[in-house]
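# Tertiary structure, described
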Amino acid sequence: MAATAALALALTLAACASESGPPTLTWYINPDNGGQVEIASRCTEAAEGEYRITTEVLPRDAASQREQLARRLAAKDSSIDIMSLDPPFIPELAEPGFLAPIPDDVAEAVTADVVQGAIDGATWRDELVAIPFWANTQLLWYRKSVAEKAGLDPSKEPVTWQQIMDAAAEQGKVLGVQGAKAESLTVWINALVESAGGHIIENPEAPADEVELGLESDAGRAAAEIIGTIGREGLGGAGLPTADENATMTVFQRDNGSFMVNWPFVWSATNAAVEDGTLDADLVDDIGWAIYPRVDEGTEARPPYGGINLGIGAFSAHVDFALAAAQCIVSPENQAYYFATNGNPPASTKAYDDEAVQEAFPMADVIRESLENAAPRPQTPYYNEVSTGLQETWHPPASVDPETTPTTSTDFITAVLRGEALL
């Protein structure tokens, strides 16, 4: 009994000490190579005792991250102080008030010298609702030998989808595109529609039963023409219907690789494979990079935008500290560190000038340029329904028809949003 009483007293004293000490902020992070844990440690030290930051790892795939956070926030979970959020899911969390408002002075500070694509992805109803952290984009990667034989120099002159399709067909090569029934397919569809001057959703802030899709348009048909042609003519290879970003990279690295659209991780991954001896060292010298392909020769491309923004939990007991911590996390210095070590491009334009960044990613300036023109995926509280509906109706790529697919997709997604059909 005495031991039990002593233990109870010790626990009580420990609890009191904990409550009287600096608050602990919990940052829910997506899996990475340890970069966010290191940044949390750096910002804890920089806080000089005002607060400390601990991290909790979310599931690996974005959909599961969204589900876990949405359920906990719906239950008004006060343990969520900071969240690493995939941009497409931000409107869904902002609309019901799950994200704490960002004061004007903070908004001004965290958007200074930030690429436009990241600001767009963190905005909902004309208000900044999340803090830009790192911002991803896809580039056009190409084998210099293939481009030269086709008379193309993407590093100097923008190229079109038709040009790279023709080059691959004429030389018997394979295009690296993501055709799997997954989020990567939505990314591809959206980039094509946006690059053709259209939008998948015309009125993203509308209620579910009033959402108007923009697929039955010249832009939607142009996107369907490109995807369908690549699928039917075998330009994406036999594995196109199941090809994700990693599979696409593997195809590109082979002797029959030609052009590929993909995220910057492929550069560090390819160099690592060369160092391990699993790829020929000559491959790296044959790889070039450029801005995403154009749909129309005279219209600038709108490359894919991805990355992570930071949301502040509306039910956190320490919103002010969380806002301060988030500003530390997204400092240009921390973003540069994160890019150089983990391969995740900064939202901060200043971070690209860091020597370590320039050394690790010689295409850093092209990434920064791409992010200025990048287009977010449809920003809507119903993103999950829209994305899944696209994947259901635009897959496999060989079945995509510009005369029928945009209409079929529009009818299906509209029915789902109105509660007349199930995904």
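Residues numbered from 1 in each chain as written. Predicted model: local features only at pLDDT ≥ 70, side-chain atom pairs only at ≥ 80, totals over all residues. Heavy atoms only, no water.

Further remarks concern the overall build of the chain. Each helix and strand counted, the chain has 19 helices and 11 strands in total. Structurally, the chain occupies a C-alpha span of about 85 × 55 × 45 Å along its principal axes. Buried positions account for 54% of the 423 residues belonging to the chain. Expressed as a percentage of contacts within the chain between residues at least 6 apart in sequence, the contacts between residues at least 24 apart total 74%. The positive charge centre, built from 23 side chains, and the negative charge centre, built from 64, are 4 Å apart in the chain. (Helix = DSSP H or I, 4+ residues; strand = E, 2+ residues; numbered from the N terminus. Buried < 20%, exposed > 50% of the residue type's maximum accessible area, 1.4 Å probe, protein only. Contact = heavy atoms within 4.5 Å. Lys, Arg positive; Asp, Glu negative; His and termini not counted. Charge placed at Lys NZ, Arg CZ, Asp CG, Glu CD.)

Under the criterion given, the structure shown has 1 disulfide. A disulfide bridge connects C43 with C328, and the sulfur atoms are separated by 2.1 Å. Negative torsions about the S-S bond denote left-handed disulfides, and the value of about -95° found for C43 with C328 makes this one left-handed. In this pair, C43 sits in helix α2 (residues 35-46) while C328 sits in helix α14 (residues 319-329), placing the two residues 285 residues apart along the sequence. Each member of the pair, C43 as well as C328, is classed as buried. (Disulfide = S-S within 2.5 Å.)

What follows deals with the sheet that holds strand β6 (residues 131-137). One open sheet holds the 5 strands; their spatial order is β2-β1-β3-β11-β6, and the pairing between them is mixed. Two strands in the sheet have a free side with no partner beyond their single neighbour: β2 (52-57) and β6. Direction aside, neighbouring strands of the sheet carry axes that sit 20° apart on average. Sheet topology places β6 next to strand β11 (residues 305-312); 6 bridges connect them, and they run antiparallel. When the sheet's bridge partners are listed, A135 is paired in β11 with G307. Set on the sheet, α2 makes contact with β1 (24-29), β2, β3 (82-85) and β6; between it and β2 the angle comes to about 165°. (Pairing = 2+ DSSP bridges. Axes fitted to C-alpha atoms, helices over the stretch in contact; angles between N-to-C directions.)

The omega angle of the peptide bond from H395 to P396 is -5°, so this bond is cis rather than trans. Looking at the element boundaries, P396 is found in the loop between α18 (383-393) and α19 (405-417).

Further remarks concern the pattern of salt bridges. The final tally for this structure, using the stated rule, is 14 salt bridges. Residue R125 is joined to E95 by a salt bridge in which the shortest nitrogen-to-oxygen separation is 3.0 Å. On the criterion of sequence distance, the pair formed by R125 in the loop between β4 (123-124) and β5 (127-128) and E95 in the loop between α4 (90-94) and α5 (104-110) is long-range, its members being 30 residues apart. The class of E95 is partly exposed, set by a relative accessible area of 38%. Between R377 and E183 there is a salt bridge, with its nearest N and O atoms 2.7 Å apart. Of the two residues, R377 is situated in the loop between α17 (364-373) and α18 and E183 in helix α9 (residues 183-195); the sequence distance between them amounts to 194 residues. Connected through shared salt-bridge partners, E95, R125 and E205 make up one network. (Salt bridge = Lys/Arg side-chain N within 4 Å of Asp/Glu carboxyl O.)

Moving on, we get to the sheet that holds strand β10 (residues 287-290). One key point about sheets: their strands pair by backbone hydrogen bonds, in either a parallel or an antiparallel sense. One open sheet holds the 4 strands; their spatial order is β8-β9-β7-β10, and the pairing between them is mixed. The sheet terminates laterally at β8 (174-176) and β10, the two strands that pair on one side only. Averaged over all neighbouring strand pairs, the angle between strand axes comes to 20°, with direction disregarded. Relative to strand β9 (residues 257-262), strand β7 (residues 139-143) is paired through 4 bridges, and the arrangement is antiparallel. Each residue of the ladder has a partner; that of L140, found in β9, is V261.

Of all 8 residues in β11, 8 are buried, a share of seventy percent or more. Here β11 shows two buried faces, one formed by Y305, G307, N309 and G311 and the other by G306, I308, L310 and I312. The pairing of β3 with β11 spans 4 bridges and is classified as antiparallel. From the neighbouring strand, I82 faces β11, where its bridge partner is I312.

Counted under the stated rule, the structure contains 13 aromatic pairs. The interplanar angle of 50° and the centroid separation of 5.8 Å between the aromatic rings of Y51 and F321 together place this pair among those described as tilted. Taken as a pair, Y51 in the loop between α2 and β2 and F321 in helix α14 lie far apart in primary sequence, 270 residues in all. The exposure class of Y51 is buried, given its relative accessible area of 5%. The class of F321 is partly exposed, set by a relative accessible area of 28%. (Phe/Tyr/Trp six-rings, centres within 6.5 Å; stacked < 30°, edge-to-face > 60°.)

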